[in-house]
Amino acid sequence: MTTSAGPIRWSLYPTAAACADARAWVELQQKLLRAPKTVDAYARGVDDYLRVCARLGIDVAGATRHDVAAYVEDLAHRERPPRRQAAVDGAPTHGLAHRTLHLRLTVVRLFYDYLVECGRRAANPVGRGQYRTGARGGAAGLIPRRERPPWLPTDAEWRAFLDALTAAEPLRNQLLAYLAYDGALRRGELLALRLADVDFPPQLVRVRPETAKNGAGRVVCYGDATSALLVAYVAHRQALVARYGAVSGSGTGAGAGALFLSESPRNRARPLGVGTWNQVVQRVARRAGVPQFTTHTFRHLRLTDLARCRLDLHEIASYAGHRHLATTHQYIRLSGTELAARVRGATAQLDARLAAYVRASGQRVPTGHDVS
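Residues numbered from 1 in each chain as written. Predicted model: local features only at pLDDT ≥ 70, side-chain atom pairs only at ≥ 80, totals over all residues. Heavy atoms only, no water.

A. Structural view of the packing of aromatic side chains. By the definition in use, this model includes 16 aromatic pairs. Judged by centre distance (6.2 Å) and plane angle (85°), the rings of Trp-10 and Tyr-13 are edge-to-face. Assigned by exposure class, Trp-10 and Tyr-13 land together as buried. Taking the centre distance of 3.9 Å and the plane angle of 10° together, the rings of Phe-161 and Phe-293 count as stacked. In this pair, Phe-161 sits in helix 6 (residues 155-168) while Phe-293 sits in the loop between helix 10 (274-288) and helix 11 (297-308), placing the two residues 132 residues apart along the sequence. Judged by its relative accessible area of 1%, Phe-161 is buried. By relative accessible area, Phe-293 is classed as buried at 2%. The positively charged end of Arg-268 is found above the aromatic ring belonging to Tyr-244, 4.7 Å away from the centroid. Above the plane of the ring of Tyr-181 lies Arg-302, whose end atom (NZ or CZ) is 4.9 Å from the centre. (Phe/Tyr/Trp six-rings, centres within 6.5 Å; stacked < 30°, edge-to-face > 60°. Buried < 20%, exposed > 50% of the residue type's maximum accessible area, 1.4 Å probe, protein only. Helix = DSSP H or I, 4+ residues; strand = E, 2+ residues; numbered from the N terminus. Lys NZ or Arg CZ within 6 Å of the ring centre and 35° of its normal.)

This is how it looks when you write it as structure tokens:
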């Protein structure tokens, strides 16, 4: 993966590195100050496309809509690596996830936009709206989108996860989970937190703009249970830094002051890595019997719980760091029972008015006992 200041590691994308157009396009993304993860995703995507084109004998510069369709077919039928296969029994083990497929196709479209701008092509074979019209008459992508609501644990599954977390995980891992939930934090935001970002008396955490996904900094809060874990962990962290900090070099550099530190012999007192946090959640999820649980589930669940607590959609979007309300809508999913209760409470006066109309018309309003 690239860094904002460091050079692009072309060894990770050898096929793209060998293509002058692809190399120039990826370098342009970095010069435009795209986030490091975005540059990485673009580089991996165009590298994958070029490899498939080489295997299928497709001329990249002269690719047609049919050639792009062949790439889509390859994405939809390739075998998933075991670590990427869905954890749910009976789920497909072939083909990329629909959202990933769209991401790969978006990369190809942006790459061809660049070739059109450079005069290498007259038109983009993945041009939006060229081949399909959206459901409301607007321009649509080459393939339809399927929006699947995020998986959310039931109350029993959430409790099982917390029980498994408390029973076998150290203090740091417990705090990671509680803080991820309370703050509805993305994985990168959580691991990028510094001790200086925590405001202890009011129980607030500052998410710095440079660590947020869209550059939108914000302030989130945490509860009393998380506060107790945080106070205990900070004392533990201070002892860890005092003992190993000088050896690991954790007192200087980009990771200086990181809140969450590794305790493994190899990286002791250094900032915790993404892979370690992924493994923690997967381990706890397996023990709890909820393998669908991921590091992003905390965020999904918290935002839904805020909706259950009747926060306004704009308030939830602000807390989540979303720029668009449509994004917040995708995260919030009330159950049918909750939604029905909300509708019933909001429309009580309308129901009473309708019942009064029926009585005034001389009709008898049936009760539940009258229904056979």
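Additional details are given in the paragraphs that follow.
B. A look at the sheet that holds strand 3 (residues 218-221). Here we have three strands laid out as an open sheet, ordered 1-2-3, and antiparallel in their pairing. Looking at strand neighbours, the two that pair on one side only are strand 1 (198-199) and strand 3, the edges of this open sheet. Across four bridges, the pairing between strand 2 (residues 204-207) and strand 3 is antiparallel. Opposite Val-207, over in strand 3, you have Arg-218 as the bridge partner. (Pairing = 2+ DSSP bridges.)

C. How the structure looks around the packing of helix 7 (residues 171-182) against helix 11. Put simply, helix 7 and helix 11 touch, their axes get as near as 7 Å, and they point 40° apart. Looking at the two axes, helix 7 sits oblique to helix 11. In terms of crossing hand, the pair formed by helix 7 and helix 11 is right-handed. Where helix 7 approaches helix 11, its residues Ala-177, Ala-180, Tyr-181 and Asp-182 are matched on the opposing element by Phe-298, Leu-301, Arg-302 and Asp-305. For the contact of helix 7 with helix 11, the per-class residue count stands at five nonpolar, no polar and three charged. (Axes fitted to C-alpha atoms, helices over the stretch in contact; angles between N-to-C directions. Parallel < 35°, antiparallel > 145°, perpendicular 65-115°, else oblique. Left-handed = near helix turned anticlockwise from the far one by under 90°. Contact = heavy atoms within 4.5 Å. Nonpolar A, V, L, I, M, F, W, Y, C, P; charged D, E, K, R; others polar.)

D. Here's a closer look at the nonpolar core. Core analysis: the biggest nonpolar cluster contains 52 residues, and Phe-161, Leu-179, Leu-190, Phe-260, Trp-277 and Phe-298 have the highest contact counts within it. Every element with two or more residues in this core is listed here: helix 6, helix 7, helix 8 (187-191), strand 2, helix 9 (224-248), helix 10, helix 11 and helix 12 (313-320). When residues no more than four places from it in sequence are discounted, the contact partners of Phe-161 are Val-281, Val-284, Ala-285, Ala-288, Val-290, Phe-293 and Phe-298. Residues Ala-17, Tyr-42, Ala-63 and Val-72 belong to the second largest nonpolar core, which totals 33 residues. (Core = buried A, V, L, I, M, F, W, Y, C linked by side-chain atoms within 4.5 Å.)

E. Examining the environment of Arg-194 more closely. Relative to the helices and strands, Arg-194 resides in the loop between helix 8 and strand 1. C-alpha separation for the pair Arg-194 and Gly-257, spaced 63 residues apart in sequence, amounts to 5.3 Å.

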